[in-house]
Amino acid sequence: MSIRHGLLALLEHGPRYGSQLRTEFESRTGATWPLNVGQVYTTLSRLERDGMVEQGGEDEAGHALYAITEAGREELRNWFEKPVDRTSPARDELAIKLAMAVGAPGVDIRAVIQAQRRHTVRAMQDYTRLKHQAISALESGASRERDDVAWLLVLEQLIFQTEAEARWLDHCEARLIRLSHAVAGGSAPGSGSAAAGAASAARAAGSTRTG
């Protein structure tokens with residue numbers, strides 16, 4: 001839905017054609033979520049079907065222009081006013097990977113965690129470097145301020161996200177170590193194959209920890 005509403009937000013500034021919308025969307029978000037022209041036109045077609053945009057002639061180069069309608073403005077206002085719903089979170093590949101790695105034969109879950117942590121830290125460092133560049137551009141007056149402020153906000157969200165992911169990975173490893181100690185002491189709760197798999201993974205994580 002963010003693509004749908006993102007295009008509406010750009011169209012509120014005036015009529016645009018498809019590749020122009022793609023360029024402006026990527027400029028505003030720093031190409032964090034790249035779009036292809038096919039996605040843009042598919043979304044515009046659905047918005048037109050729903051009465052939220054309409055074709056409004058052509059520009060001098062012959063590009064078909066799209067304009068937001070009053071229904072589209074109302075949809076956009078509602079989007080800005082309502083909090084993003086977190087009751088049905090998007091599937092997270094990393095969480096699914098670790099969940100499936102618990103007790104999986106031949107899988108060293110600690111190695112999975114450490115490999116991901118290295119990648120996450122590198123990404124966080126890259127985002128932080130880009131953040132400093134964006135701030136410098138804004139402070140020097142050498143930026144297209146609206147797009148660069150938007151990109152800065154996206155970058156900071158990505159930094160917070162990777163920081164949280166790194167903390168969660170640390171927590172996962174520590175949790176497995178604590179479980180391995182509980183299993184070794186005979187006090188691990190639960191029974192059955194799921195509990196046995198978790199205990200096995202916990203023992204593996206604990207026995208391979210090097211500090």
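Residues numbered from 1 in each chain as written. Predicted model: local features only at pLDDT ≥ 70, side-chain atom pairs only at ≥ 80, totals over all residues. Heavy atoms only, no water.

A. Layout of the overall build of the chain. Each helix and strand counted, the chain has eight helices and two strands in total. Helices (α) and strands (β) of the chain occur, in sequence order from the N terminus, as α-α-α-β-β-α-α-α-α-α. Counting across all 211 residues of the chain, residues that qualify as buried make up 31%. In the chain, the share of contacts with a sequence separation of at least 24, taken over all contacts with a separation of at least 6, comes to 57%. (Helix = DSSP H or I, 4+ residues; strand = E, 2+ residues; numbered from the N terminus. Buried < 20%, exposed > 50% of the residue type's maximum accessible area, 1.4 Å probe, protein only. Contact = heavy atoms within 4.5 Å.)

B. Local environment of the environment of Val154. Secondary-structure assignment places Val154 in helix H7 (residues 145–184). C-alpha separation for the pair Val154 and Lys131, spaced 23 residues apart in sequence, amounts to 9.5 Å. In contact with Val154, not counting residues within four places along its chain, are Thr29, Thr32 and Trp33.

C. Local environment of the pattern of salt bridges. Enumeration over the complete set of coordinates arrives at eleven salt bridges. The closest approach of N and O atoms between Asp147 and Arg28, which form a salt bridge, is 2.9 Å. Residue Asp147 is located in helix H7, and its partner Arg28 is located in helix H2 (residues 18–29); the two are separated by 119 residues in the primary sequence. Judged by relative accessible area, Asp147 falls into the buried class, the value being 13%. (Salt bridge = Lys/Arg side-chain N within 4 Å of Asp/Glu carboxyl O.)

Function cannot be inferred from these measures alone, as they are strictly geometric.
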